[in-house]
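# Close look at the chain arrangement
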Amino acid sequence: QPALTQPRSVSGSLGQSLTISCTGSSSDVGGYDFVSWYQTHPGRAPRLLIYDVSKRPSGVPDRFSGSKSGNTASLTISGLQPDDESEYFCCSYAPWTVFGPGTTVTVL
Amino acid sequence: QVHLVESGGGLVKPGGSLRLSCVASGFTFSDYYMSWIRQAPGKGLEFVSYISAFGGTKYYGDSVKGRFTISRDNATNSLFLQMNSLRADDTAAYYCARVGLTAAGAVIKAFDSWGQGTLVTVSS
């Protein structure tokens, strides 16, 4: 199964915005609108932030947004808060389910 | 409120077996596909397996195919993962996760609720 790529780490200042990329191929990210994003904290259950590229589940703040261009999906976090310091994973659900390697976000 | 609680993890020798369980509450379990996803120490998330609402369809990641078996019991709101021929690289936290549904009942291709995980360590 082909891999998705994400930057290892990204940082941003309190209150600012940052974007995490997730690059696949035309066979997965580029070919389907089934990209989701997850936030993980040690000791906590992972949390779904975005599904179907840009949809937010109820309860997820609109500071989190998703988009896609070609074979690259993106997660943007605006108005960075201290609790946003986490690891973030993208996932392509089709044609097979594969996760990206994760991006560590640091809030400066 | 959706609640998923995993159990059954522990220390096992290479070649051994383990059975994980996940008990669900707060939703109609038999309406949902369910999955197992794992995270090895210091590594990313890895899809392990999913099972359809009534168990008729099962899918496995390449690294566990032929060794792991997913099953469910809708009468007790339980999901299981039978893990055989365990290897050191199966060491991970194993999460039970629900595959989402829209309000209209269509499957959302994402995992909308997760448990806290159960740790499996394969070591001699």
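Since this is a predicted model, take the numbers as computed values, not measurements. (Residues numbered from 1 in each chain as written. Chains lettered and ligands numbered in written order. Predicted model: local features only at pLDDT ≥ 70, side-chain atom pairs only at ≥ 80, totals over all residues. Heavy atoms only, no water.)

### Points about the side chain of His41(A)
You can see His41(A) is positioned in the loop between strand S3 (35–40) and strand S4 (47–50). If near-sequence neighbours (up to four positions away) are discounted, His41(A) is found in contact with Asp83(A), Glu85(A) and Ser86(A). (Helix = DSSP H or I, 4+ residues; strand = E, 2+ residues; numbered from the N terminus. Contact = heavy atoms within 4.5 Å.)

### As for the state of the cysteines
Using the criterion set out here, one finds 2 disulfides over all chains in the structure. Residue Cys22(A) pairs covalently with Cys90(A) via a disulfide, S to S 2.1 Å. Its S-S torsion of about 70° marks the bond between Cys22(A) and Cys90(A) as right-handed, since a negative value means left-handed. Of this pair, Cys22(A) sits in strand S2 (residues 18–23) while Cys90(A) sits in strand S7 (residues 87–92), placing them 68 residues apart in sequence. Between Cys22(B) and Cys96(B) runs a disulfide, and the two sulfur atoms are separated by 2.1 Å. Because the torsion about its S-S bond is -65°, the bridge between Cys22(B) and Cys96(B) counts as left-handed. With Cys22(B) in strand S3 (residues 18–25) and Cys96(B) in strand S9 (residues 92–101), this residue pair connects regions lying 74 residues apart in the sequence. Per residue, the accessibility class of Cys22(B) equals that of Cys96(B), and both read buried. The cysteine Cys91(A) is free of any disulfide, with Cys90(A) supplying the nearest cysteine sulfur at 7.6 Å. (Disulfide = S-S within 2.5 Å. Buried < 20%, exposed > 50% of the residue type's maximum accessible area, 1.4 Å probe, protein only.)

Coordinates in, geometry out; function isn't part of it.
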